[in-house]
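One-letter residues, chain by chain:
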Amino acid sequence: YKGIFSNEEKALNSGKAIAYVPSDDGNVYEIRKNEIGIFRAKANKIRGLTKVRAGFTPALPLIPFDMLSEIIDFFRYFADRKNICEALVNVYWDAENKRYIVKVPEQKVGAAAVDTVLPDVEDDLIHVMDIHSHNLMDAYFSSTDNSDEKATRIYAVIGRLDKLFPDISMRISVGGKFVDINPTDVFEYPFKDFPDEWLSYVTEYKVKEHKNGGVINEIQ
């Protein structure tokens, strides 16, 4: 009694009591027809469709943390100057040699702007990511970034370069639609394992909920 159809005409001619049809507004509609007329509403949950969620699954190796460290140091050089500036680098994948390459395009930089011309496409390299800095400001994507970052790739902004560990915000652009991602989806995790013996000195509290809604910690 239910069906999923590519357009409304097929749905109405199917004889199904409940039909689901994707629309050009990006939504899926539930359509029902009876003697009164045709009823349409945005569908909430549709059985029979695969589960797809916004996000990113890498097909390439994680970018080495040493490379990220070099990029941060490059950005910090411009952030530490009297004339505090932003900067931009591009990250490419060299498929033949199986390695990442960082390229610094020609650019004019200022305290809140980076003007550059995207280089010609290089057949032997895959443009993976654009990274720009926000010097001492927070790591956020500006309205200018939203206008510029239309290509389907990864984008990052690094801010608060005055801190030991700067802030990093990352997202993907899917035809100009943005989805935030975690830096660990792209970069190698920089911290190593700690000695197991450290755990022998730690006892965790047992969390017990109080009847009034509070939390009481008790030693296990």
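Here is what the cut-offs are and how they apply
Residues numbered from 1 in each chain as written. Predicted model: local features only at pLDDT ≥ 70, side-chain atom pairs only at ≥ 80, totals over all residues. Heavy atoms only, no water. Pairing = 2+ DSSP bridges. Helix = DSSP H or I, 4+ residues; strand = E, 2+ residues; numbered from the N terminus. Axes fitted to C-alpha atoms, helices over the stretch in contact; angles between N-to-C directions. Buried < 20%, exposed > 50% of the residue type's maximum accessible area, 1.4 Å probe, protein only. Contact = heavy atoms within 4.5 Å. Core = buried A, V, L, I, M, F, W, Y, C linked by side-chain atoms within 4.5 Å. Patch = residues over 30% accessible without salt bridge, like charges linked within 9 Å, V, L, I, M, F, W, Y side chains within 5 Å. Areas by Shrake-Rupley, 256 points an atom, 1.4 Å probe, with all protein chains shown as cover. Salt bridge = Lys/Arg side-chain N within 4 Å of Asp/Glu carboxyl O. Lys, Arg positive; Asp, Glu negative; His and termini not counted. Charge placed at Lys NZ, Arg CZ, Asp CG, Glu CD. Right-handed = clockwise from strand over helix to strand, strands pointing away.

J.: Give a description of the sheet that holds strand E9 (residues 125–133) that names residues and reports values.
T.: In space, the six strands of this open sheet follow the order E6-E5-E9-E10-E11-E12, with mixed pairing throughout. The open sheet terminates on both sides in strands that have one partner only, identified here as strand E6 (99–103) and strand E12 (177–181). Strand-to-strand, the axes of this sheet are offset by a mean angle of 25 degrees, without reference to chain direction. Where E9 and strand E10 (residues 154–159) come together, five bridges link them in parallel fashion. Of the residues in E10, the one forming a bridge with His132 is Val157.

J.: Give a description of the environment of Trp93 that names residues and reports values.
T.: Tracing the backbone through its elements, the reader meets Trp93 in strand E5 (residues 88–94). Take Trp93: its relative accessible area is 7%, and that puts it in the buried class. Discounting chain neighbours no more than four positions away, the residues touching Trp93 are Leu60, Pro61, Lys98, Arg99, Tyr100, Asp124, Leu125, Ile126 and Val128.

J.: Quick one: what's the story with the nonpolar core, residue by residue and with numbers?
T.: Counting residues in hydrophobic clusters, the biggest one holds 26 residues, and the most contacted among them are Met129 and Ile131. Sorting the residues of this core by element identifies helix H2 (65–79), E5, E9, E10 and strand E11 (167–174) as the ones contributing at least two each. The greatest single-element share of this core, amounting to seven residues, is contributed by H2. Sequence-distant contacts of Ile131, defined by excluding residues within four places in its chain, comprise Ile71, Phe75, Ala87, Leu88, Val89, Val91, Ala156, Ile158 and Phe187. One finds Phe5, Ala19, Val21 and Ile31 within the second-largest nonpolar core, a separate group that totals five residues.

J.: Give a description of a negative patch on the surface that names residues and reports values.
T.: A cluster of acidic side chains, namely Asp66, Glu70, Asp73, Asp80 and Glu188, defines a negative patch on the protein surface. Positionally, Asp73 belongs in helix H2.

J.: Give me the lowdown on the pairing of strand E2 (residues 18–22), citing residues and values where you can.
T.: Extensive coverage of E2 is indicated by the burial of four of its five residues. In terms of strand pairing, strand E1 (residues 2–4) meets E2 through three bridges, oriented parallel. Looking across to E2, one finds that Ile4 is bridged to Tyr20. Following the backbone out of E1, through helix H1 (residues 8–13) and into the adjacent parallel E2, one traces a crossover that is right-handed. The pairing of E2 with strand E3 (residues 28–33) spans four bridges and is classified as antiparallel. Looking across to E3, one finds that Val21 is bridged to Tyr29.

J.: Account for the pattern of salt bridges, with residues named and values stated.
T.: For the structure shown, the criterion picks out seven salt bridges. In this structure, the salt-bridge partner of Asp94 is Arg99, at a minimum N-O distance of 3.9 Å. Judged by its relative accessible area of 6%, Asp94 falls in the buried class. You can call Arg99 partly exposed: its relative accessible area is 44%. Notably, a salt bridge pairs Arg160 with Asp162, separated by 2.9 Å at the nearest N-O pair.

J.: Provide a residue-level description of the sheet that holds E3, including the pertinent values.
T.: Reading across the sheet, the four strands line up as E1-E2-E3-E4 and stay open at both edges, with mixed pairing between neighbours. For this open sheet the edge positions go to E1 and strand E4 (38–42), each flanked by a neighbour on one side alone. The average angle at which neighbouring strand axes cross in this sheet is 25 degrees, direction not considered.

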